[in-house]
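Fold and contact review
Here is how the chains run, residue by residue.
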Amino acid sequence: MSYFQVKRYEKLFEEFERLTQEYWSALPEQHHDSFLGRFKYTENEESLRVRMKIAQLLPLVQRAASYLGVSYTAKSIPPAAIGGVIVPVDLFQSVIDPQQGYEIVDRKHILDTINVAKSLAAERKRKELVYMLLPWNWIIEICAFIIRIPFLILRRAGLPPKVEENIIAHAIKIVATIILISWLTYKGISLVGIDIVDLIKSFIK
């Protein structure tokens, strides 16, 4: 994950928070539907306009939160007198769908989750900036990209990611083995009687 990607995530969370506050402010006075037994927002023209923008951002916000390791799923536990299954609740979705479980989600929980996402994005952005400013990391990234070019091409052709990971892991072991043998030879340590091929095979098993 690059600095610029995390920066986009941070702005995305900020925009989502702004739209959330704007949506709640635009909503007309709400009344619980006692007949249906569930809560549903009564909309007006302004709230519907903002709701559409939130709905468009939701998949992007959820994906960004997942990449950053933000937990945005809560549990709705049924009343003891009624019983039932525990229902997962998407706190970001709760902005426009306040009752996914057995009760209305407290808006403070939603805002807390958004603030946690913003905080983690800001922290990750600082780390990625430091990483980007260190010149030797550019060399490492360039080398890593060059090595991955054949795999990127094969992945476009349908190569599963696990195959790439296995091949790279084995290649690293082989290179490490060659470096180790070269170092031992340089130090004058005898490798007589050691089957180099078997040694390499043992590393890649």
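Here goes a summary of the coordinates provided. (Residues numbered from 1 in each chain as written. Predicted model: local features only at pLDDT ≥ 70, side-chain atom pairs only at ≥ 80, totals over all residues. Heavy atoms only, no water.)

Here Pro 88 shows up in strand β2 (residues 87–90). The spatial distance from the C-alpha of Pro 88 to the C-alpha of Lys 75 is 4.8 Å, given a sequence separation of 13 residues. (Helix = DSSP H or I, 4+ residues; strand = E, 2+ residues; numbered from the N terminus.)

Where side chains of opposite charge bring their charged atoms close, a pairing between them can arise. Scanning all chains against the criterion turns up 10 salt bridges. The closest approach of N and O atoms between Glu 22 and Arg 18, which form a salt bridge, is 2.9 Å. Of this pair, Glu 22 and Arg 18 both sit in helix α1 (residues 3–26), 4 residues apart, roughly one helical turn. With relative accessibility at 24%, the residue Glu 22 sits in the partly exposed group. For Arg 51, the salt bridge identified is with Glu 43, shortest N-O distance 2.9 Å. (Salt bridge = Lys/Arg side-chain N within 4 Å of Asp/Glu carboxyl O. Buried < 20%, exposed > 50% of the residue type's maximum accessible area, 1.4 Å probe, protein only.)

So, on to the side chain of Thr 20. Residue placement: Thr 20 occurs in helix α1. Thr 20 sits in the buried class, given a relative accessible area of 0%. What Thr 20 contacts, discounting residues up to four positions off in sequence, is Ile 54, Val 95 and Ile 114. (Contact = heavy atoms within 4.5 Å.)

Right, let's get into the environment of Ile 110. Tracing the backbone through its elements, the reader meets Ile 110 in helix α3 (residues 107–133). Sequence spacing of Ile 110 and Phe 92 is 18 residues, and the spatial spacing of their C-alpha atoms is 6.6 Å. Apart from residues no more than four positions distant in its own chain, Ile 110 is found in contact with Trp 24, Leu 91, Ser 94, Val 95 and Val 105.

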